[in-house]
Amino acid sequence: MKEIIMTTMTASIAGFTFEDILLNAAGVYCQTTEELDQILTAPGAGSLVTKSATPAERAGNPGVRYADMPLGSINSMGLPNLSLDYYLDYAIAHQDEKPLFLSIAGLTKADNLQMLHEIQDSDFNGLVELNLSCPNVPGKPQTGYDFDTTRQILEETFAFFKKPLGVKLPPYFDIAHFDMIAAVLNDFPLAFVNTINSIGNGLMVDPETDTAMIAPKGGFGGLGGAIAKPTALANVRGLRQRLNAGIKVIGTGGVQNGRDVYDLVLCGADLVSVGTTLHQEGPEVFNRLKAELAEQMKLKGYDDVNQFRSALQTLN
Ligand code: RRO
């Protein structure tokens, strides 16, 4: 416990100071006020993000839509949420306790702009995460893979939106795509990017029954957990190297232990969010990860995350 107290694990984004660098990944433990309360009060959690919202409540995809699998999880939730108003009310009610993230994921550009107008006109004074990467709504491709549409949305957004805004990105798999998305994002006054969303449209088989592990979309769904770690590290690193210094990075993907958190910070993450492992362990995971991160830092002789953030060494 002594090491935790003496170790500094803070970050700042858009003038907000986070007293711990961990939070939930959007979608996990954040759909209801009961779940959100648990993250808000969890030791070791420095913030929370609300479930990505649409203008109206959505039930999401029917049937089994999340499954644990070897090396992680697969999901096709389909954007179940209780509406922007629900999460906006919660965020406004609790925004003086910690800096909070409100996530939105409109199914159309018009929906996103409408929600951003509502947030702009509200008393919310935290951070907004615009989710451009939901992989699971049938017939709706991930916007983050369409660089022109991403630019168009950001142009229309920043024409009126003045509160701190970031984007949740899908994983990119080609160096040219890192260059292309960074060129778009660097043209806007973004507060942060959050990378990565789940690795879209994987498929996993239950060997007992020879069936797909989840029901929606014929079994196709987003992959998270350990299997996502190298892709998350590459995206955090690749974007940190390319984005303006003023755009902070939230690293998401593959966190199971304190060393995983350490690695995301080493690749450039300011904050680190936890999805699959939070789903599996519950909010106690934050204090475990915090203690394990402190242990890793002690092994390396660090007492502040700023001492090794973005400090990855390479072999040539
Ligand atoms: O609700 C979902 O199916 C979902 C969303 Br919006 C997302 O951004 N990422 C994900 O893995 N699932």
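Criteria and cut-off values
Residues numbered from 1 in each chain as written. Predicted model: local features only at pLDDT ≥ 70, side-chain atom pairs only at ≥ 80, totals over all residues. Heavy atoms only, no water. UniProt positions renumbered as here; feature names shortened; annotations may be inferred. Near = heavy atom within 4 Å. Polar contact = N/O pair within 3.5 Å; in protein donor to acceptor, adjacent residues only side chain to side chain. Nonpolar A, V, L, I, M, F, W, Y, C, P; charged D, E, K, R; others polar. Buried < 20%, exposed > 50% of the residue type's maximum accessible area, 1.4 Å probe, protein only. Helix = DSSP H or I, 4+ residues; strand = E, 2+ residues; numbered from the N terminus. Pairing = 2+ DSSP bridges. Right-handed = clockwise from strand over helix to strand, strands pointing away. Axes fitted to C-alpha atoms, helices over the stretch in contact; angles between N-to-C directions. Contact = heavy atoms within 4.5 Å.

For the chain, an unreviewed UniProt entry supplies the name dihydroorotate oxidase (fumarate) and the organism Weissella minor. UniProt's Cofactor (unreviewed entry) comment on the chain is quoted here verbatim: "FMN". The record held by UniProt for the chain lists under Subcellular location (unreviewed entry) the comment "Cytoplasm".

Draft legend 1. Looking closely at the site of the ligand. All residues adjacent to the ligand are Lys51, Asn75, Met77, Gly78, Leu79, Pro80, Asn131, Cys134, Pro135, Asn136, Asn197 and Ser198. For the ligand, an oxygen atom lies 2.8 Å from a polar atom in the side chain of Lys51. A distance of 2.9 Å separates an oxygen atom of the ligand from a polar atom in the side chain of Asn131. Along the lines of polarity and charge, the residues of the shell around the ligand split into five nonpolar, six polar and one charged.

Draft legend 2. Region of interest: the pairing of strand E9 (residues 192–195). Neither face of E9 is left uncovered, since the one carrying Phe192 and Asn194 and the one carrying Val193 and Thr195 both have all their residues buried. Of the pairings in the sheet, the one linking strand E8 (residues 165–169) to E9 comprises four bridges and is parallel in character. Directly across from Gly166, in E9, lies its bridge partner Phe192. Following the chain from E8 across helix H6 (residues 175–185) to the adjacent parallel E9, one finds a crossover that is right-handed. In this sheet, strand E14 (residues 248–252) lies alongside E9 in parallel orientation, the contact comprising four bridges. Its bridge partner being in E14, Thr195 is matched across the sheet by Gly251.

Draft legend 3. Layout of the sheet that holds strand E3 (residues 22–24). The seven strands are arranged E3-E15-E14-E9-E8-E7-E6 in an open sheet whose pairing can be described as parallel. Two strands close off the open sheet at either side, each with one partner strand: E3 and strand E6 (101–104). Each strand axis lies, on average, 25° off the axis of its neighbour in the sheet, ignoring direction. This element, helix H7 (residues 229–242), spans E8, E9 and E14 of the sheet and lies at about 175° to E14.

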